[in-house]
Amino acid sequence: MYDFRFFLGKNKVMALALGRTPEEEIQENLHKISQRLVGQCGLLFTNASKDEVMKYFENRRYPVPPHAGDVASETVELKKGLLPQFSHAIEPHLRKLGMPTRLERGVPELMQDFVVCEEGRQLTPSQASILVRPFALHVLNNLLRGIFISV
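Residues numbered from 1 in each chain as written. Predicted model: local features only at pLDDT ≥ 70, side-chain atom pairs only at ≥ 80, totals over all residues. Heavy atoms only, no water.

Within an unreviewed UniProt entry, the label attached to the protein chain reads Ribosome assembly factor mrt4, and the organism entered is Portunus trituberculatus. Quoted verbatim from the Function (unreviewed entry) heading of the UniProt record, the comment on the protein chain is "Component of the ribosome assembly machinery. Nuclear paralog of the ribosomal protein P0, it binds pre-60S subunits at an early stage of assembly in the nucleolus, and is replaced by P0 in cytoplasmic pre-60S subunits and mature 80S ribosomes." (UniProt positions renumbered as here; feature names shortened; annotations may be inferred.)

A. Spatial organisation of the overall build of the protein chain. When helices and strands are counted, the protein chain shows five helices and eleven strands. A buried classification covers 27% of the 151 residues belonging to the protein chain. If you sum the accessible surface of the protein chain, you get close to 10,900 Å²; carbon and sulfur atoms cover 55% of it. (Helix = DSSP H or I, 4+ residues; strand = E, 2+ residues; numbered from the N terminus. Buried < 20%, exposed > 50% of the residue type's maximum accessible area, 1.4 Å probe, protein only. Areas by Shrake-Rupley, 256 points an atom, 1.4 Å probe, with all protein chains shown as cover.)

B. Layout of the environment of glutamate 25. Along the chain, the position of glutamate 25 falls in the loop between α1 (11-18) and α2 (30-34). Considering only alpha carbons, one finds glutamate 25 and alanine 15, ten residues apart in sequence, at a separation of 9.5 Å. Here histidine 31 takes part through its side chain, which lies 2.6 Å from a polar atom of the side chain of glutamate 25. (Polar contact = N/O pair within 3.5 Å; in protein donor to acceptor, adjacent residues only side chain to side chain.)

C. Expanded view of the pattern of salt bridges. Throughout the structure, instances matching the rule amount to seven salt bridges. A salt bridge links glutamate 24 to arginine 20, with the nearest nitrogen and oxygen atoms 3.3 Å apart. Classification of glutamate 24 by relative accessible area gives partly exposed; the value is 38%. A residue is classified by how much of its surface remains accessible, and arginine 20, at 43% relative accessible area, is partly exposed. Each of Arg102, Glu104 and Glu109 takes part in a single network of salt bridges with overlapping partners. (Salt bridge = Lys/Arg side-chain N within 4 Å of Asp/Glu carboxyl O.)

Next up, the structure:
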């Protein structure tokens, strides 16, 4: 059984907690990790081996909504018919987004085929609110017994 803690937060706060310089750090080489906290990232503390952690995250994907301005990685077209992936409560919102929908026995129904987005084009706020994309975690750096390793 492995013990682990996963931290997500503001990069500057996490860097401050780890120590930004060798003089501030609480354990040898932690400042090297804090210097690499850029963009969307988090910290995982565990007693599992590096290989076990890498294997765990290798094929994990988590659904998250994309943001307006993201570039569509593929063309998404919804076919005419029932949309059981959407709640009945969201049907008026789908209609406001330009989708030709109606409720059919409590399930939104698409009256005709609808292209949500096209590959390579930036997403609008309304397109982003309809879509969900896979999110993957990647291990970038490793600190093992005070030895810093960039993966």
